[in-house]
Amino acid sequence: MTDFIFQHTLFSLIALAFLADLILGDPHSCLHPVALFGRTAAVVENFCRKYLGNTIFSGFCACSLLCFSACFLTALFCLLGKRLAGSWGELVCAALCVYITIAPRSLIEHVNRIRQQLKSGNLPEARHALSMIVSRKTDNLPEEQIVRGAIESLGENLIDGVYSAFFWAIAGFMLSGGSLLWAAVSAVFLRAINTLDACWGYKDEKYLFFGRTAARTDDLLHWIP
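Report on the accompanying structure.

Considering the pattern of salt bridges
- Taken as a whole and judged by the stated rule, the model has 5 salt bridges.
- Where Glu45 meets Arg49, a salt bridge forms, and the shortest distance between an N and an O atom there is 2.9 Å. In this pair, Glu45 and Arg49 are both assigned in helix α3 (residues 33-52), 4 residues apart and thus about one turn of the helix distant. You'll find Glu45 and Arg49 in the same group, each marked buried.
- For Arg105, the salt bridge identified is with Glu109, shortest N-O distance 2.9 Å. Of this pair, Arg105 and Glu109 are both found in helix α5 (residues 104-119), 4 residues apart, which corresponds to roughly one turn of the helix.
- With relative accessibility at 28%, the residue Arg105 sits in the partly exposed group.

Overview of α5
- An ideal rise of 1.5 Å per residue puts 22 Å on 16 residues; α5 measures up with 22 Å between its terminal C-alpha atoms.
- Where α5 is concerned, the buried positions are Pro104, Ser106, Leu107, His110, Val111, Ile114 and Leu118.
- In this fold, the buried residues of α5 make contact with α2 (9-24), α6 (123-131) and α7 (143-175).
- One or two steps after α5, the chain reaches Gly121, where phi turns positive at roughly 75°.

Some points on the layout of surface pockets
- Put simply, the largest pocket is a space of about 1400 Å³.
- In this structure, the largest pocket is lined by 40 residues; those nearest its centre are Ile133, Asn157, Asp160, Asn194 and Ala198.
- Elements with a minimum of two residues in the lining of the largest pocket: α3, α5, α7, α8 (180-200) and α9 (212-223).
- No other element matches the 9 residues that α7 contributes to the lining of the largest pocket.

Rules and cut-offs
- Residues numbered from 1 in each chain as written.
- Predicted model: local features only at pLDDT ≥ 70, side-chain atom pairs only at ≥ 80, totals over all residues.
- Heavy atoms only, no water.
- Salt bridge = Lys/Arg side-chain N within 4 Å of Asp/Glu carboxyl O.
- Helix = DSSP H or I, 4+ residues; strand = E, 2+ residues; numbered from the N terminus.
- Buried < 20%, exposed > 50% of the residue type's maximum accessible area, 1.4 Å probe, protein only.
- Expected span 1.5 Å × (residues − 1).
- Contact = heavy atoms within 4.5 Å.
- 1 Å grid on protein atoms, 1.4 Å probe; cavity = no way out; pocket = protein on both sides within 12 Å on 5 of 7 lines; lining within 4 Å.
- Points joined across faces, edges and corners; volume = space filled by probe spheres on them.

Rendered as structure tokens:
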């Protein structure tokens, strides 16, 4: 069994990450790595704006610093796992890193909540449930628009929260010649960029220039997946 697992390491990595999400879901905690990253992003944004202004270069520096830090900590975590428990430790640590970059269970739960409210004829609650996964106003949407919004959000978030993370984990593994560490780092880099795009990727006066690096990089990383 052990030989099979390590002969099919990439499959094991993806399976463990997916299984962890099915069991644990996406915990809504201030200590979740993505939540911690988002709060750190706000601190780094203020620092870069203070010294570099509201410029593309300022946003590039903030984005680079945050992504490098996230990837460095990911690599350190995987190396620590390998040092403490060998190949098993590296596999488990890499799978945990990939797990925090995906959210299929959370996405299914959100969309199912909308479906249940629509089945019971409770449009106000269905609109509220939809508002949890879309950025536009949902207060006066008819049933058809609620359904459409849920399906569109499901499709978009499957790419952002599932396909792209697995794609870059697989790409990192293959391009590095079979390194679990690089698989984890690639997936975390994708999630870091995606989180920064969610924080900064707006075409308004505040983020038109500062958020451009994060937004364009996010578009590029999701384009193939």
